[in-house]
Amino acid sequence: MVLTNWLSELGQQGIVTDAVELWHAHRTLLIFCALFVLLSIRVYIHIYDDEKDAVAAVPRAYDNEKAPPPETVAPAKAVQVAEKPATKPTTGPRRIKGGVAKKPSRERQDAVDVTRPVKIMAFFSSVTTKTEKIARDYLASLEAAAEKLARETGRAFLKPELHDLADVDFEDFFVSPPKSADGASYFYVFLIPSYNIDTINDTLLQHLEETHHDFRIDTAPLSLLMGYSVFGFGDKEGWPDEAEGFCFQAKELDRWMSKLTGRKRAYPVGMGDMKSDHAERFAEWSTGLEEVLEHVARTGSLGEGVRGSGDPIESDQEDVAGEDDGEVVFDDEVENADQASPRALDDVEDLGKMIRTNGSSSTGSSSKKAPLAVDFTSYGASTKKKTTPQAAVVKEMVAKNSPTYAALTKQGYAIVGSHSGVKICRWTKSALRGRGSCYKYSLYGINSHQCMETTPSLSCSNKCVFCWRHGTNPVGTTWRWVVDPPEMIFEGVKENHYKKIKMMRGVPGVRAERYAEALRIRHCALSLVGEPIFYPHINEFLAMLHAERISSFLVCNAQHPDQLAALKAVTQLYVSIDASNKDSLRKIDRPLHRDFWERFQRCLDILREKRFRHRTVFRLTLVKGFNVEDEAEGYAQLVERGLPCFVEVKGVTYCGTATSSNAGLSMSNVPFYWEVCDFVRALEKRLKARGLAYGIAAEHAHSCCILLASERFRVDGRWHTHIDYARFFELLEERGPDGDWTPEDYMGEPTPEWALWGNGGFDPRDDRVDRKGRKIENVVVREQPPEQVW
């Protein structure tokens, strides 16, 4: 109001009018004057700064009482400053860099120092005091275990401490490891019940999440820990399974601790039901944890694999796309980054990753070439070499310096000796994580996580077009290599199998109880690669398996009748039946023997003789375009000739390699599950028309596998395809490998309802997940879907 009155008075006096007229008359001159003044000020400031820098560059006269002269402090540095070229000073504002400067930590360098003492810190939470009682009892066990480990490893173990999470300051333990006057390395153990009410658990989980996302803190502030492990207590009456929330807070704690420690999960999450098996599960978990502590104390690390143990792929909840597809791969296995949307359950075994066919190469994406097949076979006189003393030396089948060895080890095989191998199956990894087991669990009751897949002979006498072992194994018609003793092979395959299993210890989702069970092999599948019956001492190797009560499934390719006839006790004996006639067999198996069809038929006759001595199985692998169309009648003739106990019909697995494409195989040759179902129904019809008593008994749709069984295994209207393994070993011990018994003598309990034909066969203990780890429903398509109209 005052300003308005003042301007009004000036207007009345004409002062404002005169100022405006003056501006319009001389505005150009005024603007240039203003610019000149500003430029002069800027030049003056610039000259003043230069003079100031020059004065600063001149060494000061040091007073003896304040500081020594420069030459007594750092002569080299003084010379460096004198010789440093003058640089143009920056005139803009100073730029401040954000973030926390990370300095090298001495403790990080000493993280693997095995001379430092070990201190175990146990944390628990409890509302009803049940967990507190268990934790305090466990503390006494920890103290005894620490004393034992100190004696065995020679490393100092400090007295373990027990902390109630409700009484500790999280900043002291979960932002960085606590400081110790003894310089100890810490190992964290958590005993956590899960509640659906607000408890200290929620506060801890929130704190861990905030710590992980705090930009001021290192992404793995607890990486200096030696490791950690979590055991959760739950109630299956309230939360019957993990999907419903069983031990959900323990799993969430394990996930955040994995992030904060840089994936130092020392042992899988243990879970126990407070009203049933918590004591048994906790004992398994604590025993396994003690073994890990011993390894850490001796070596300073959690084991082989990426940091910690295994190669876990973890992500935040909002970053679902970064999660894996349910299959765990090690560094020596190839992982395809392609993702696929969920579809009906028509996938096949080991097709864990989507594969590009040759037709996709037009997109410009590059694909790795498959390893070249190695063929050691001599086909005729033209290829024979002159016999020399050097050539007469017996060579190793797979020498360590050979391309074959490099190719197989790159694919994840562990080579034992010179001709044997072992590899962990993807179904073993899946079962360990509760994501499904293979067809052997549905059809025969074999735990996938307790199964070892191996072979005593990497050589084979066929070069099948569908071989998903990439064609890198050697081939031959006769054994002409060094023969390793069965004892060495047996110990070697077990050692390497357990080594692979232990690498799974740090993988997220691995169940502690199954991990503990996996460290005791109960079954051996002699079907890895090559021809196991080709090994000269196969009976001795089988006897070693059975001596440790490890059941055996042996698969042969029907090209070695003499070895098949001499075979002694085996839990279940397979013969691969890949074609119904001679021409198809030549195209599919590409056998090396000239009399392959005669050998094939003789093997079927031998199996017919053994059908009351062994559980015999025909394995039919269906390949569209090769052996599916109009061949049911031919297969029925073969079944009539061999009369096996079971007929397994399985869709081919396409491995997506150049080796397969060169053989004329692509994804178009992989049948849908409904096509396999149609074939099995047609085969059953042909068998019944011939008066053969076979029926469709069970299925495992997840691996595209259906089982036809002889009516010998149908008792009182119920199928009995499972095996009584304990009874098998009793018969073996009572009557010896040449004893007289029949497959019915060790026939197991009735096949469970979920595994029967029409129910899918997916393991009800587990959850099926999509390629991003999300739970999905089991959709089984057994009929041809209607044509889609676009």
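Since this is a predicted model, take the numbers as computed values, not measurements. Chains are numbered independently. Their residues run from 1 in the order of the written sequence. The model is predicted, so local features are restricted to residues of pLDDT at least 70 and side-chain atom pairs to those at 80 or more, both for listing and for counting; the totals for chains, interfaces and linings are taken over all residues. Computation of side-chain values: all heavy atoms of the structure, hydrogens and water removed.

S.K.: Give a description of the overall build of the protein that names residues and reports values.
M.R.: In this text, helices come from DSSP runs of H or I with a minimum length of four residues, and strands from runs of E with a minimum of two, each type numbered from the N-terminal end. Looking only at helices and strands, the protein features 23 helices and 17 strands. Intrachain contacts of the protein at a sequence separation of at least 6 include 78% that bridge at least 24 residues. For the accessible areas, the method is Shrake-Rupley and the probe is 1.4 Å, while residue cover comes only from the protein chains on display. When the accessible surface of the protein is totalled, it reaches about 39,600 Å², and 53% of it is carbon and sulfur. In this analysis, two residues are considered to be in contact whenever any of their non-hydrogen atoms come within 4.5 Å of each other.

S.K.: Help me get a handle on the sheet that holds strand β1 (residues 118-124), residues and values and all.
M.R.: Strand pairing is defined by DSSP finding a minimum of two bridges between the two strands. With parallel pairing, five strands are arranged side by side in an open sheet as β2-β1-β3-β4-β5. The sheet is open, and its two borders are formed by β2 (161-164) and β5 (270-273), each paired with just one other strand. Looking at each pair of strands side by side, their axes are set apart by 20 degrees on average, direction ignored. Axis lines are fitted to C-alpha atoms, over the contacting stretch for helices. Their N-to-C directions set the angle, which ranges from 0 to 180 degrees. Across the sheet, helix α9 (residues 248-260) lies against β3 (185-193), β4 (227-234) and β5, angled at about 165 degrees from β4, the strand it touches most. The strands that helix α10 (residues 278-299) touches are β1, β3, β4 and β5; relative to β4, the one it contacts most, it runs at about 180 degrees.

S.K.: Break down the packing of aromatic side chains for me, with residues and values.
M.R.: Pairing of aromatic side chains here covers Phe, Tyr and the six-membered ring of Trp, requires ring centres within 6.5 Å, and sorts the geometry by plane angle: under 30 degrees stacked, over 60 edge-to-face, intermediate tilted. Throughout the structure, instances matching the rule amount to 33 aromatic pairs. With a centroid separation of 5.4 Å and an interplanar angle of 55 degrees, the aromatic rings of F231 and W285 are classed as tilted. Here F231 is found in strand β4, whereas its partner W285 is found in helix α10, with 54 residues between them in sequence. An identical accessibility class is assigned to F231 and W285; each is buried. Criterion for a charge above a ring: Lys NZ or Arg CZ within 6 Å of the ring centre, and within 35 degrees of the ring normal. Of note, R255 hangs over the ring of W256, and the distance from its end group to the ring centre comes to 4.6 Å. Over the face of the ring belonging to W757 we find R782, whose NZ or CZ atom lies 5.7 Å from the ring centre. For each residue, the accessible area found with a 1.4 Å probe, counting protein chains only, is set against the maximum for its type, and the residue is called buried under 20%, exposed over 50%, and partly exposed in between.

S.K.: Quick rundown of the pairing of β4? Include the residues and the values.
M.R.: Burial within β4 is extensive, with eight of its eight residues counted as buried. Neither face of β4 is open: one carries G227, S229, F231 and F233, the other Y228, V230, G232 and G234, and all of them are buried. Read from β3 through helix α8 (residues 200-213) to β4, the crossover connection turns out right-handed. Relative to β5, β4 runs parallel, the two being bridged by four bridges. The residue of β5 that forms the bridge with G232 is M271. With strands facing away from the observer, any crossover in which the path from the first strand over the helix to the second runs clockwise is taken as right-handed.

S.K.: Please provide a residue-by-residue account of the packing of helix α14 (residues 486-502) against helix α16 (residues 538-547), values included.
M.R.: Orientation of α14 relative to α16, taken along the N-to-C sense of each, is 45 degrees, at an axis distance of 9 Å. When the interaxial angle is binned, α14 and α16 end up oblique. Relative to α16, the crossing made by α14 is right-handed. Side by side, α14 and α16 meet where P486, E487, I489, F490 and V493 of the first sit next to E540, F541, M544 and L545 of the second. For classification purposes, angles smaller than 35 degrees are called roughly parallel, those larger than 145 roughly antiparallel, those between 65 and 115 roughly perpendicular, and all remaining angles oblique. Left-handed is the label given to a crossing in which the near helix is rotated counterclockwise from the far helix by less than a right angle, and right-handed is the label when the rotation is clockwise.

S.K.: Pulling in residues and values, what's your account of unusual backbone geometry?
M.R.: Unusually for a residue other than glycine, C247 sits at a positive phi of about 55 degrees. Topologically, C247 is positioned in the loop between β4 and α9. The class of C247 is buried, set by a relative accessible area of 0%. Even without a glycine there, the phi angle at A558 is positive, about 60 degrees. Along the polypeptide, A558 turns up in the loop between β10 (551-556) and α17 (561-565).

S.K.: Which residues make up the confidence of the model for the protein, and what values go with them?
M.R.: The pLDDT score gives, residue by residue, the confidence of the prediction method on a 0 to 100 scale. Summing up the model confidence of the protein, the mean pLDDT is 78 and the portion of residues at 70 or higher is 74%. Confidence over residues 54-90 falls short of pLDDT 50; this stretch has eight contacts with residues more than four positions distant or in other chains.

S.K.: Help me get a handle on the pattern of salt bridges, residues and values and all.
M.R.: Within this document, salt bridges are pairs made up of a side-chain nitrogen of Lys or Arg and a carboxyl oxygen of Asp or Glu, the two lying within 4 Å of each other. Per the counting criterion, the structure on display carries 34 salt bridges. Where E648 meets R619, a salt bridge forms, and the shortest distance between an N and an O atom there is 2.9 Å. Note that E648 is positioned in strand β13 (residues 646-651) and R619 in strand β12 (residues 616-622), a separation of 29 residues in sequence. Like E648, the residue R619 is buried in the burial classification.

S.K.: Mind laying out the sheet that holds strand β6 (residues 414-416), listing which residues take part and the relevant values?
M.R.: As summarised here, the arrangement of the 10 strands in space is β6-β7-β8-β9-β10-β11-β12-β13-β15-β14, forming an open sheet in which the pairing is mixed. Of all the strands in the sheet, just β6 and β14 (694-700) have a single pairing partner and so form its edges. Strand after strand, the sheet turns through a mean of 25 degrees between neighbouring axes, direction not considered. α14 contacts β6, β7 (420-423) and β8 (451-455) of the sheet and is inclined by roughly 160 degrees relative to β6. Set on the sheet, helix α20 (residues 632-642) makes contact with β11 (572-577), β12, β13 and β14; between it and β12 the angle comes to about 165 degrees.

S.K.: Residues and numbers for the nonpolar core, please.
M.R.: Throughout, nonpolar core names a set of buried Ala, Val, Leu, Ile, Met, Phe, Trp, Tyr and Cys residues whose side chains join them through atoms within 4.5 Å. By size, the foremost hydrophobic cluster in this structure holds 74 residues, and its most contacted members are L545, L554, I577, L620, V649 and L683. Every residue in contact with L620, bar those within four places of it in the chain, is listed here: I577, Y635, V647, E648, V649, K650, F679 and L683. L191, Y267, I424 and A518 belong to the second-largest nonpolar core, a separate cluster that totals 38 residues.

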